[in-house]
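Listed here are the chains, written in short residue letters.
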Amino acid sequence: MISILFFGRLGDFAKNAPRTVKASTPAQIRELLTIKHPALAKELSQPQVLVSVNQMIVGWEQPLMDGSEVAFLPPVTGG
Amino acid sequence: MRYSRHLLMDDIGEAGQQKLFNARVLIVGLGGLGCPVALYLAAAGIGQLSLCDPDHVELSNLQRQILYKESNCGELKVNCAKRELLALNPHLQISSYAVEASAELLNNNFDIVVDCTDNLAARQLINRHCYNQKKAFVSASALGWEGQLVGFDFGHNPSLCLNCIIDENSPEPSLNCGNSGVVGPVLGAMGSLQATSVIRLLLGFFQQHGEMQRYDGKSGRWLCLQASAKTDCAVCGVIN
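Calculation criteria
Residues numbered from 1 in each chain as written. Chains lettered and ligands numbered in written order. Predicted model: local features only at pLDDT ≥ 70, side-chain atom pairs only at ≥ 80, totals over all residues. Helix = DSSP H or I, 4+ residues; strand = E, 2+ residues; numbered from the N terminus. Rg over C-alpha atoms; globule rule 2.2 N^0.38 Å. Buried ≥ 20, exposed ≤ 12 C-beta atoms within 10 Å, placed from the backbone. Contact = placed C-beta atoms within 7 Å. Nonpolar A, V, L, I, M, F, W, Y, C, P; charged D, E, K, R; others polar. Pairing = 2+ DSSP bridges. Right-handed = clockwise from strand over helix to strand, strands pointing away. Axes fitted to C-alpha atoms, helices over the stretch in contact; angles between N-to-C directions. Parallel < 35°, antiparallel > 145°, perpendicular 65-115°, else oblique. Left-handed = near helix turned anticlockwise from the far one by under 90°. Core = buried A, V, L, I, M, F, W, Y, C linked by C-beta atoms within 7 Å.

Some words on the overall build of chain B
Link 1 in the chain: When its secondary structure is counted, chain B shows nine helices and eight strands.
Link 2 in the chain: Against the 2.2 N^0.38 benchmark of 18 Å for 240 residues, chain B shows a C-alpha radius of gyration of 17 Å, consistent with a compact globule.
Link 3 in the chain: Counting only C-alpha atoms and orienting by the principal axes, one finds that chain B spans roughly 50 × 45 × 40 Å.
Link 4 in the chain: Within the span of chain B, comprising 240 residues, buried residues form 48% of the whole.
Link 5 in the chain: Considering only residue pairs separated by 6 or more positions, chain B has 66% of its internal contacts joining residues 24 or more positions apart.

Right under this line is the structure:
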């Protein structure tokens, strides 16, 4: 299983979303969320959302290993 | 004595304080991040500070931009900031530029550029320039309850830059502080960490090239993320 962290304001869209899934890439996690959690999936599709696997920033097609933690982080651009 | 709390520390001392005094630091953006950065660096005795921001002080700035007072509304931020910083520490050389960040400005002689801007285009301009000039670059941003910090010491690390993490061709996100808000102390926290990173760079303690810190003030959580260089990066990629 893959554990998922929705960081920051993404957590507000993920109140009823699963925190563990079976998936082979972060992109597949987003795809799995599309039907039951469309608002969350839409947020994950915004530009500049970062993805990390075990605290390493990766691309959406990064292969996942069982037991990995995937974090999704929304863009933060203000100053 | 002004710097006695630095001089008491074995890893700063007189030699470290002299390094801070000899430093030339450019702060781009004098908003919620730039205000605490400028205040802490001026107080710390950074000898040459340059301030860049084209904007005037507005009432809606005062919730978070701690250099300014209500009576400053309508004044150029760089003029107000320069006056306040010199009142804090009159021994510094402070230059002000009431312009947007540009290659022409960045070509001046700075040791470190502190990115306190509010848009990706300015960040990428600074990133590319600092990479090409092998200068250090400390970037932060904030939105809502969240903050982000990342620094690059290009003088010692020839690969991995901001463009490896956030592609310069990405569209600007729709949310910004102007349309969705920001918590003032989150900006203060991130700006304080930027100032700490600048001091760490100047004293030779910086080991976090490309490491990203994320803070969520609503939950009180931090994340520390590593990044890797992209071989096809348009700025630092080896196959570019």
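Quick look at the interface of chain B and chain A
Link 1 in the chain: Taken residue by residue, the interface counts 33 residues in chain B and 17 residues in chain A.
Link 2 in the chain: For the side of chain B that touches chain A, the secondary-structure elements that each account for two or more residues are strand E5 (136-143), strand E6 (146-153), strand E7 (212-216) and strand E8 (221-225) of chain B.
Link 3 in the chain: Along the lines of polarity and charge, the residues of the side of chain B that touches chain A split into 17 nonpolar, twelve polar and four charged.

A look at the pairing of strand E2 (residues 48-52) of chain B
Residues and elements named next belong to chain B.
Link 1 in the chain: The buried fraction of E2 is high, at four of five residues.
Link 2 in the chain: Of the pairings in the sheet, the one linking strand E1 (residues 24-28) to E2 comprises five bridges and is parallel in character. The partner of Val28 across the bridge, within E2, is Cys52.
Link 3 in the chain: Traced from E1 through helix H3 (residues 34-44) to E2, the parallel crossover comes out right-handed.
Link 4 in the chain: Note: E2 against strand E3 (residues 93-97), five bridges, orientation parallel. For Cys52, the partnering residue across the bridge sits in E3 and is Tyr97.

Describing the sheet that holds strand E2 (residues 20-21) of chain A
Residue and element names in this part refer to chain A.
Link 1 in the chain: One open sheet holds the five strands; their spatial order is E2-E1-E5-E3-E4, and the pairing between them is mixed. Looking along the sheet, the strands with just one partner apiece sit at the ends: E2 and strand E4 (56-58).
Link 2 in the chain: Sheet analysis places strand E1 (residues 2-6) next to strand E5 (residues 69-73), joined by four bridges and oriented parallel. By the bridge assignment, Ser3 is partnered in E5 with Glu69.

With respect to H3 of chain B
Residues and elements named next belong to chain B.
Link 1 in the chain: In terms of burial, H3 is largely enclosed, as nine of its eleven residues are buried.
Link 2 in the chain: If you check which residues of H3 are buried, you get Gly34, Cys35, Pro36, Val37, Ala38, Leu39, Leu41, Ala42 and Ala44.
Link 3 in the chain: Buried-residue contacts for H3 involve helix H2 (13-22), E1, E2, helix H4 (77-88), strand E4 (112-115) and helix H9 (184-203).
Link 4 in the chain: Backbone geometry just downstream of H3 places Gly45 in the positive-phi region, at approximately 90 degrees.

Observations concerning the packing of H2 of chain B against H9 of chain B
All names here are of chain B.
Link 1 in the chain: Across the interface, H2 lies against H9 with an axial gap of 9 Å and an inter-helix angle of 110 degrees. Judged by the angle between their axes, H2 and H9 are roughly perpendicular. Viewed along their axes, H2 and H9 form a crossing whose handedness is right-handed. Counted together, Gly16, Lys19 and Leu20 of H2 and Ile199, Leu202 and Leu203 of H9 form the full contact between these two elements.
Link 2 in the chain: Partitioned by chemical class, the residues of the contact of H2 with H9 number four nonpolar, one polar and one charged.

Details of the nonpolar core
Link 1 in the chain: Counting 94 residues, the largest nonpolar core has Val25, Ile27, Ala38 and Val114 of chain B as the members making the most contacts within it.
Link 2 in the chain: Leaving out residues up to four positions away in the same chain, Ala38 of chain B has contacts with Ile27, Leu30, Leu49, Leu51, Leu67, Ala81 and Leu85 of chain B.

Topic: the packing of H3 of chain B against H4 of chain B
Residue and element names in this part refer to chain B.
Link 1 in the chain: Interaxial distance between H3 and H4 falls to 9 Å at its minimum, and their mutual angle equals 30 degrees. When the axis of H3 is compared with that of H4, the two are roughly parallel. Both H3 and H4 take part in a crossing whose hand is right-handed. Across from Ala38, Ala42 and Ala43 in H3, the residues of H4 making contact are Ala81, Leu85 and Leu88.
Link 2 in the chain: A breakdown of the residues in the contact of H3 with H4 according to their chemical character gives six nonpolar, no polar and no charged.

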